Amino acid sequence: MLTLLACTGASEISCGKGTHLDGDECVGNPDSDADTDSDSDSDSDTDSDSDSDSDSDSDSDSDSGAGADAVVCADGTGDYDDLQAALDAVALGAVIDVCAGRYAPAVISRDVTLRGAGRDATVLVGDEEASGLLVVGGAVAVADFGFEGHLQVEGGGAIQVTAGDVRFERVRVADGTPALAEQSYYAPQVYATGGSVAFEDLLVEDNETTGAAVTLEGTAILRHSVFRRNTLTDWVSAAVGVLSASGTGEVSNDVLADNGAGANFSGSVVVYNNVFYASEWNGSSAYSVRAAGIFRNNIISSCGRCAEFTTAGADYNVIDGSAGMQAIGAGGEHNTLADPLLTDPEHGDYTLGTFSPCIDAGDPAAAYVDVDGTRNDIGLHGGPHAEGP
């Protein structure tokens, strides 16, 4: 049985905005925080607060082409009607605004900024032979796009990144399926195998996959994102979850809810202040979360076989399983089995109730303190990058 013990002294590590914890060090650029958005619209909420706010996020950083070097409109009213044609023609570092509409897959190989009209409005549709968006190099920024119905091809489905310094904001990946009924190769919907990638407000929903819906193998930040109602095909082994992160970087303040598989973390990735709710592994011998590194201040709830920890770096987590062995392995001394008393998780409200054992109960190290300077609140709304109450 795991129990919650008295806290030890606080670490002297303090990570400011724009940086993240990597083991015992703070890394990143304080002047380019992954939380910093350049838009000035009123989209202040995120999908991680509630399921109800994730389907109507159709705002855009662009203003009908203002400040853009090229405008792409599928109806022919812009400079181009084909996204790939614009990417091939514009100068290095160009800003491309993409109107509402449905577009074919595209490849990016150099510095460029893509601004859509909203992730429910500007959509790259599925293709049997190519990833929806393939990034093979450059300093790339993509905001307010949707990827729908992508078939998983070998190497990737909706988004594939092999190189570059890439940032995605307010992106939706939905309704993807395997290319073949009996597909037998690993093919995530989002596959980052190289470069440096940051996802801010990524919504991954209603996909069926033969690999993890999102696989991060290089240097990656995943923050303020939601995974829901994703399932895996029978081909997948129990070692693969909806989210797999095995490189370096950070996974923080995200929600995985009501998925047909859990999450798998290894390598040097730092995972903290997330909620894993009602997401089970496919397979009787696997767990909702498997963590082999730094895994702290997380809530794992509404699960049967909840967690498998393989290092003492998995600590200060609250686990609430419905039955069976809820946690095994070499986790730290401060994990506990308890009901986190979330307000209304079945309807997307993951705030902590008044008497929640998660309040001020996370790792007391300075690197994890809440935005108000108090000790870490375990779960979605705690930690240095929390948003909302």
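Since the structure is predicted, the reported quantities are computational estimates derived from the model, not experimental observations. (Residues numbered from 1 in each chain as written. Predicted model: local features only at pLDDT ≥ 70, side-chain atom pairs only at ≥ 80, totals over all residues. Heavy atoms only, no water.)

Trainee: I keep staring at the packing of aromatic side chains and nothing clicks. Help me out?
Mentor: The geometry of an aromatic ring pair comes down to the distance between the two centres and the angle between the two planes. Tallied over the entire structure, the rule returns 7 aromatic pairs. In this structure an aromatic cluster arises from ring pairing among Phe265, Phe276, Phe295 and Phe309. (Phe/Tyr/Trp six-rings, centres within 6.5 Å; stacked < 30°, edge-to-face > 60°.)

Trainee: How should I be thinking about the state of the cysteines in this particular structure?
Mentor: Two cysteines form a disulfide when their sulfur atoms are joined by a covalent bond. For the structure on display, the rule yields 2 disulfides. One disulfide bridge connects Cys73 with Cys99, the sulfur atoms lying 1.9 Å from each other. In this pair, Cys73 sits in the loop between β3 (70–72) and α1 (83–89) while Cys99 sits in the loop between β4 (94–98) and β5 (101–103), placing the two residues 26 residues apart along the sequence. Judged by relative accessible area, Cys73 falls into the buried class, the value being 4%. The residue that forms a disulfide with Cys303 is Cys306, at a sulfur-sulfur distance of 2.0 Å. Note on the Cys303 and Cys306 pair: the S-S dihedral is about 100°, so by sign convention the disulfide is right-handed. With a relative accessible area of 0%, Cys306 lands in the buried category. (Disulfide = S-S within 2.5 Å. Helix = DSSP H or I, 4+ residues; strand = E, 2+ residues; numbered from the N terminus. Buried < 20%, exposed > 50% of the residue type's maximum accessible area, 1.4 Å probe, protein only.)

Trainee: Sorry if this is basic, but what is going on with unusual backbone geometry here?
Mentor: Trans peptide bonds make up most of the peptide bonds, and negative phi angles are found at most residues other than glycine. Positive phi, close to 55°, is recorded for Asn253, a residue that is not glycine. Here Asn253 is to be found in the loop between β21 (248–252) and β22 (255–257). What makes Asn253 buried here is its relative accessible area of 0%. Even without glycine at this site, Asn273 takes up a positive phi of about 55°. Note on placement: Asn273 falls in the loop between β24 (268–272) and β25 (275–277).

Trainee: How do you make sense of the pattern of salt bridges when you look at a structure like this?
Mentor: When the charged atoms of two side chains lie near each other, side chains of opposite charge can form a pair. Tallied over the full model, the rule gives 15 salt bridges. Linking Arg102 and Glu148 is a salt bridge whose minimum nitrogen-to-oxygen distance equals 3.3 Å. Taken together, the residues span a long stretch of sequence, with Arg102 in strand β5 and Glu148 in strand β9 (residues 133–148) at a distance of 46 residues. On the accessibility criterion, Arg102 (53% relative accessible area) is exposed. Its relative accessible area of 17% is what places Glu148 among the buried residues. (Salt bridge = Lys/Arg side-chain N within 4 Å of Asp/Glu carboxyl O.)

Trainee: What is the right way to read the nonpolar core from this model?
Mentor: Across soluble globular proteins, you tend to see nonpolar side chains buried next to one another. Membership of the largest hydrophobic core comes to 62 residues, with the highest contact counts inside it found for Phe168, Phe265, Phe295 and Ile300. Those residues within four positions of Ile300 in sequence are excluded, and the remaining contacts are Phe276, Ser288, Val289, Phe295, Cys306, Ala307, Phe309, Val318, Ile319 and Asp320. Core analysis: the second largest hydrophobic core is formed by 15 residues, Val255, Tyr277, Ile299 and Leu380 among them. (Core = buried A, V, L, I, M, F, W, Y, C linked by side-chain atoms within 4.5 Å. Contact = heavy atoms within 4.5 Å.)

Trainee: Got a minute to help me understand the pairing of strand β14 (residues 196–205) in this structure?
Mentor: Regular strands have side chains that alternate between both faces of the sheet. Of all 10 residues that make up β14, 9 are buried, and the element is covered over most of its length. One ladder, built from 9 bridges, connects strand β11 (residues 159–174) with β14; its direction is parallel. The residue of β14 that forms the bridge with Ala174 is Glu205. Inspection of the sheet shows β14 paired to strand β18 (residues 226–228) by 3 bridges, in the parallel sense. Paired with Glu205 across the two strands is Arg228, which belongs to β18. (Pairing = 2+ DSSP bridges.)

Trainee: Got a minute to help me understand the environment of Asp82 in this structure?
Mentor: Examined against the element boundaries, Asp82 turns out to sit in the loop between β3 and α1. In the structure, Asp82 is positioned 10 residues away from Val72 in sequence and 6.6 Å away in space, judged by C-alpha atoms. A polar contact of 3.2 Å, which involves the side chain of Asp82, links it to the backbone nitrogen of Gln84. (Polar contact = N/O pair within 3.5 Å; in protein donor to acceptor, adjacent residues only side chain to side chain.)

Trainee: Teacher, can you tell me more about the environment of Ala174 here?
Mentor: Positionally, Ala174 belongs in strand β11. When its relative accessible area of 1% is taken as the criterion, Ala174 is described as buried. Residues Ala174 and Arg228, 54 residues apart in the sequence, show an inter-C-alpha distance of 9.9 Å. In this view, Ala174 contacts Phe147, Glu148, Gly149, Glu205, Asp206 and Asn207; residues no more than four positions away in its chain are not counted.

Trainee: Looking at this structure, I do not really get a negative patch on the surface. What am I missing?
Mentor: Residues Asp75, Asp81, Asp82 and Asp88 make up a contiguous surface patch of negative charge. Structurally, Asp88 is set in helix α1. (Patch = residues over 30% accessible without salt bridge, like charges linked within 9 Å, V, L, I, M, F, W, Y side chains within 5 Å. Areas by Shrake-Rupley, 256 points an atom, 1.4 Å probe, with all protein chains shown as cover. Lys, Arg positive; Asp, Glu negative; His and termini not counted. Charge placed at Lys NZ, Arg CZ, Asp CG, Glu CD.)

Trainee: Sorry, what's going on with the pairing of β9 here?
Mentor: Alignment of strand β6 (residues 106–108) against β9, held across 3 bridges, turns out to be parallel. Directly across from Ala106, in β9, lies its bridge partner Leu133. Looking at chain direction, strand β7 (residues 112–115) and β9 are connected through 4 bridges and run parallel. Bridging from a neighbouring strand, Val112 pairs with Val140 of β9. Pairing of strand β8 (residues 122–125) with β9, which is carried by 3 bridges, proceeds in the parallel orientation. The partner of Val123 across the bridge, within β9, is Gly146. Summarising the sheet, β9 and β11 pair through 13 bridges and their orientation is parallel. Opposite Phe145, over in β11, you have Val171 as the bridge partner.

Remember that the coordinates give geometry; whether it matters functionally is a separate question.
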